[in-house]
Amino acid sequence: MVYISIFNRHQLTEMFRILIFFFAITIVTGCKQSPKNYLLRDNTVIISTDQGEYEISSPQFDMLRVDFKDDLVDTIHTFAPIVRTYLPLKVKEQGKELIIQSGTLMARVKSQPFSMVLIDEKSGQEKSIFYGYHRHQDRLKAKFSLDTDESIYGGGSRAISISRRGKKLLHYNRPQYGYGWGEENLNYSIPHLYSSEEYMLLIDDPARGILDIGNTDQDTLTYTSKDGNPSFYYINGSSFSKLINLYTNITGTQTMPPLWAFGHLQSRFGYRSQKEAEETLDKAIKAGYPVDAIILDIYWFGPELEDGKMGQLDWDTERWPDPKGMIERFHEKGVKVITVSEPFFTRKSKHYEYLSEQKLLAVDSLGETLDIGDFYFGAGGLLDIFKPEARDWMWDQYKYMKSFGIDGWWVDLGEPEKHPDTMYHANGPAYAVHGIYGHEWARMLHEGFKEDYPEERLFHMGRSGYAGTQRYGLIPWTGDVGRNWSGFKAQTSMMLSMGLSGIPFMHSDAGGFSMGEPDEELYIRWMQYAVFTPIFRPHADASIPPEPVFWPQYVQDILKPYIDLRYQLLPYHYTMAFKAHRDGTPMARPLFLYDEAMPDTIQQQYMWGDHLLVNPVTEKGLENLQVHLPKGRWYDFWTDEHYDSGTHMLPLTIQHTPVMVAEGAILPLSPNISNTEKYRHEDLTIHYYLGSQPSEEVMYMDDGKDPDAFETGAYRLTKIKAIPGDDTIELSLSNEGDGFPGFSETYSWKFTIHGLENSPVSVSGDDEIPFTWDTVEKSLMFETVVSEHTEIKIQRQ
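In this text, all values refer to a predicted model and were calculated from it rather than measured experimentally.

1. Some points on helix α6 (residues 388-402)
No. 1: In a regular helix each residue adds 1.5 Å, so 15 residues correspond to 21 Å; α6 covers 21 Å between its end C-alpha atoms and thus fits that length.
No. 2: Within the span of α6, buried status applies to Ala390, Arg391, Trp393, Met394, Trp395, Gln397, Tyr398, Met401 and Lys402.
No. 3: Buried residues belonging to α6 abut β20 (336-341), β21 (344-346), α5 (352-357), β23 (408-411) and α8 (437-452).

2. Describing the confidence of the model for the protein chain
No. 1: For the protein chain, per-residue confidence averages 94 on the pLDDT scale, and residues scoring 70 or more make up 95% of the total.
No. 2: When the criterion is pLDDT under 50, residues 1-34 qualifies, and its contacts beyond four places in sequence or with other chains add up to 11 contacts.

3. So, the packing of aromatic side chains
No. 1: Under the counting rule described, the total for this entry stands at 56 aromatic pairs.
No. 2: One aromatic cluster is present, built from ring pairs that chain together Tyr54, Phe68, Phe114, Phe130, Tyr133, Phe144 and Phe232.
No. 3: Across the ring face of tyrosine 131, the terminal group of lysine 143 is positioned such that the distance to the ring centre comes to 5.6 Å.
No. 4: Between the NZ or CZ atom of lysine 226 and the centre of the ring of tyrosine 431, over which it lies, the distance is 4.8 Å.

4. Examining the sheet that holds strand β34 (residues 666-669)
No. 1: Read across the open sheet, the 5 strands follow the order β34-β35-β39-β42-β41; overall the sheet is mixed. Two strands bound the open sheet, and with one partner strand each, they are β34 and β41 (771-774). On average, adjacent strands in this sheet sit at an angle of 25 degrees to one another, irrespective of strand direction.

5. Comments concerning the environment of arginine 471
No. 1: Tracing the backbone through its elements, the reader meets arginine 471 in the loop between β26 (460-462) and β27 (474-476).
No. 2: A relative accessible area of 10% places arginine 471 in the buried class.
No. 3: Separated by 29 residues in the primary sequence, arginine 471 and alanine 442 place their C-alpha atoms 9.1 Å from one another.
No. 4: In contact with arginine 471, other than residues within four places in its own chain, are Phe79, Ala80, Pro81, Ile82, Thr251, Gly252, Thr253, Thr255, His439 and His446.
No. 5: Polar contacts involving the side chain of arginine 471 include one to the main-chain carbonyl oxygen of alanine 80, which spans 2.5 Å.

6. Digging into the pattern of salt bridges
No. 1: Under the defined criterion, the tally for this structure stands at 47 salt bridges.
No. 2: The salt bridge involving arginine 319 is made with glutamate 318; its shortest N-O contact spans 3.6 Å.
No. 3: On the basis of relative accessibility, which here comes to 63%, the residue glutamate 318 falls in the exposed class.
No. 4: The salt bridge involving arginine 463 is made with glutamate 415; its shortest N-O contact spans 2.4 Å. Taken together, the residues span a long stretch of sequence, with arginine 463 in the loop between β26 and β27 and glutamate 415 in the loop between β23 and β24 (424-425) at a distance of 48 residues. Across the pair, exposure class does not vary: arginine 463 and glutamate 415 are buried alike.
No. 5: Connected through salt bridges with shared partners, the residues Asp412, Glu415, Glu417, Arg463 and Asp480 form a single ionic network.

7. Observations concerning unusual backbone geometry
No. 1: For the bond from phenylalanine 269 to glycine 270, the omega torsion is -15 degrees, close enough to zero to count as cis.
No. 2: The amide bond that connects glutamate 415 to the next residue, proline 416, takes the cis arrangement and shows omega of 0 degrees.
No. 3: Following the sequence through the fold, proline 416 ends up in the loop between β23 and β24.
No. 4: Positive phi, normally seen in glycine, also occurs at aspartate 227, with a value near 50 degrees.
No. 5: Considering the arrangement of structural elements, one finds aspartate 227 in the loop between β16 (220-226) and β17 (231-236).
No. 6: A positive phi is found at aspartate 307, a non-glycine position, where the angle reads about 50 degrees.

8. Some words on the nonpolar core
No. 1: Core analysis: the largest hydrophobic core is formed by 190 residues, its most contacted members being Leu383 and Phe532.
No. 2: For leucine 383, the residues in contact, after removing those within four places along its chain, are Pro343, Phe345, Leu355, Leu360, Leu361, Ala362, Ala390, Trp393, Met394, His425, Tyr437 and Trp441.
No. 3: Counting 37 residues, the second largest nonpolar core, distinct from the first, contains Val45, Leu89, Tyr199 and Ile203.

9. Let's talk about the sheet that holds strand β28 (residues 588-589)
No. 1: What the 6 strands build is an open sheet, ordered β28-β29-β30-β33-β31-β32; its pairing is antiparallel. Pairing within the sheet leaves two strands with one partner each, and these edge strands are β28 and β32 (642-651).
No. 2: Bridge analysis of strand β31 (residues 624-636) against β32 gives 9 bridges, and the strand direction is antiparallel. Its bridge partner lying in β32, glutamine 626 is registered against methionine 649.

10. Observations regarding helix α11 (residues 520-530)
No. 1: Burial analysis of α11 places 10 of its 11 residues in the buried class, the great majority of the element.
No. 2: Among all positions in α11, only Glu521, Leu522, Tyr523, Ile524, Arg525, Trp526, Met527, Gln528, Tyr529 and Ala530 are buried.
No. 3: Along its buried surface, α11 packs onto α9 (485-489), α10 (491-500), α12 (553-568) and β29 (606-608).
No. 4: The opening residue of α11, the one whose side-chain oxygen lies 3.2 Å from the backbone nitrogen of glutamate 521, is aspartate 519.

11. Quick look at the pairing of β34
No. 1: Burial along β34 is two-sided: Ile666 and Pro668 and Leu667 and Leu669, pointing in opposite directions, are all buried.
No. 2: Bridge count for β34 against strand β35 (residues 685-689) is 4 bridges, and the pairing is antiparallel. Directly across from leucine 669, in β35, lies its bridge partner threonine 685.

12. Considering the pairing of strand β2 (residues 44-48)
No. 1: Most of β2 sits inside the fold, with 4 of its 5 residues counted as buried.
No. 2: Here 4 bridges tie strand β1 (residues 38-41) to β2, and the two strands are oriented antiparallel to one another. In the strand pairing of β2, leucine 39 is matched with isoleucine 46.
No. 3: Between β1 and β2, which follow one another and run antiparallel, lie 2 residues, and aspartate 42 among them has a positive phi close to 55 degrees.
No. 4: Here β2 runs beside strand β3 (residues 53-57); their pairing, made up of 4 bridges, is antiparallel. Within the sheet, the bridge partner assigned to isoleucine 46 lies in β3 and is glutamate 55.
No. 5: In textbook terms, the turn of a hairpin is the stretch between consecutive antiparallel strands, and for β2 and β3 this stretch comprises 4 residues.

Cut-offs used in this document
- Residues numbered from 1 in each chain as written.
- Predicted model: local features only at pLDDT ≥ 70, side-chain atom pairs only at ≥ 80, totals over all residues.
- Heavy atoms only, no water.
- Helix = DSSP H or I, 4+ residues; strand = E, 2+ residues; numbered from the N terminus.
- Expected span 1.5 Å × (residues − 1).
- Buried < 20%, exposed > 50% of the residue type's maximum accessible area, 1.4 Å probe, protein only.
- Contact = heavy atoms within 4.5 Å.
- pLDDT = per-residue confidence, 0-100.
- Phe/Tyr/Trp six-rings, centres within 6.5 Å; stacked < 30°, edge-to-face > 60°.
- Lys NZ or Arg CZ within 6 Å of the ring centre and 35° of its normal.
- Pairing = 2+ DSSP bridges.
- Axes fitted to C-alpha atoms, helices over the stretch in contact; angles between N-to-C directions.
- Polar contact = N/O pair within 3.5 Å; in protein donor to acceptor, adjacent residues only side chain to side chain.
- Salt bridge = Lys/Arg side-chain N within 4 Å of Asp/Glu carboxyl O.
- Core = buried A, V, L, I, M, F, W, Y, C linked by side-chain atoms within 4.5 Å.

Here is the structure:
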């Protein structure tokens, strides 16, 4: 009080202003030199910089989400992930840095200039550096470091090497008719990458963008987009299996398809009439081919192709006079029916005027329907799938199709194939939302089906989607591939790359789709390969028949046993699908995930499930093929011949494509069946390939129909363990799950043991088990009752 009294009011005011000025200078300086310019709000760290504001949160342990806002971006959207809540973060100041931690993932953050060093907390390894977002007018660029020896995988379906390092890739779903090896930009782009440094990066942006993976600067990865969604997820892990599990925890796993989806799906472009469809199916069945579905392409709603009635979504009754009767007859044969639909509505279709009047088609800048004049199938509009009223209307059309007995849907042209930048949707311009068009279509089908048909599983095939579309049940294919060796060569890497990004069901038009002359060797090799892919679906344009029954007899003699094998492998394939549904495990995997010593330059070999190594023959006229075998001992699937790890030159015959079985493998096989309705879990043979170490496998089964079978316990999971020893081999089987309608609690399984040199002394369970020893094949065979818990002991000589 004494000191204040010697100043007048004016002097006090001036002094206060000076103090405020110096305090402000101190704060600004502190923002540049220390991490104090941050807030922690709702489990999110908010950091202000000269460029804009960063928001850092954690959807789950070992993962950080980073969003960016500036004068042009004030709202961040969530497209791929399903997680909307965030975990508490560990945050502390350390000198000029802010330390943010989620589980094993630690980030050292500087605000000016912004940088974020991403570290594995356990090992101390610096895995990557994020250098922030940088704006140039309406474009934003995110920049990350790359280590010298780092490999990058993923990015979607592209007809190139699975290693993307050195590539500059367009992130934009775009079809290429008749493509072959080397085509970088195709129907299904995914802004998700997997690094050999054991991290994943999901850039949650559906806008058209460019992924530059060490192309412009070999030590830098950049992502640039216009009017995009500046949000990414960085996931830390110690292995691919952990990373894919974390990734699919936030984006969802593949739903279980119906059991029949794993059979032979007969398809072509296309059956032009009811008569042709029925006669072709009957011809295939009469020839002894198992068939589970027939797919009706574009001609079911009209004969025109160019300038036609796409979007009609109703039967052309002149050529399909009795669709209900036809479908009933198909069902009596155990054959399901799938029809094609597209998101385009031509002016000649009966729905165009209504959709345009109701503003359910995408529009121009003035809000009027934007007609696409250069569309191959005829001028027309594109459904605005982002508008709720349009989604509801479209779902009503699918329910109408379902009333005829349709079992599944094939959505074509869903990139969308034609999507001009001048087009606008309810949620923005075409180029900004292009990447999630197919994703939203899949969501509409998934949610509608779940609501109206809760006891059935959805079958939905489409050629475009986004990161996370697997949770909506999408089964994608690789587009209109050329019918040639170049197109065939591209298929393995496309399937593998999609699996690395959480899309496990990528497959191809087996035999090739278009633009090629008849080539019997190509057709045989492609069909052999297709047996070991998620979906077996021969398909082609009208110039060459895709159905094997129309090929020469010697071709059929080779391929008929392969199609039978597809059905024999049903329990193995269904269990693979279960693992994909449970934890995101891809059905097909590159060899380096099985053995890290295997180089990623091995393009044409892959692991099919846990136990089979497949090497498709993708070159014409080969008499020998170099096969690279990972660690361990391997069995030739066809001959039981043994091979050690390493490189082997194997002789080829047209009858077989190389398939190897890992030692210790437990492989369940079904007998030959005419379609999946004849499949019985109780009628199997369990093949064990003798190994040097204990091994185990699970086999999953449910009724093949219930969409919630696993979640509600309506399944049977059999765990099979094998313990080999010098004197004995011990097998144990145990079950979990409550079972399902029609499942028998007690049943007999056959067993075949591969790799023994001599006949065993005895085989026993609770009692002695009769056995057969094949002296030529050197295999042991027996049959025994399997109950809740079963123990089998093989006494060796």
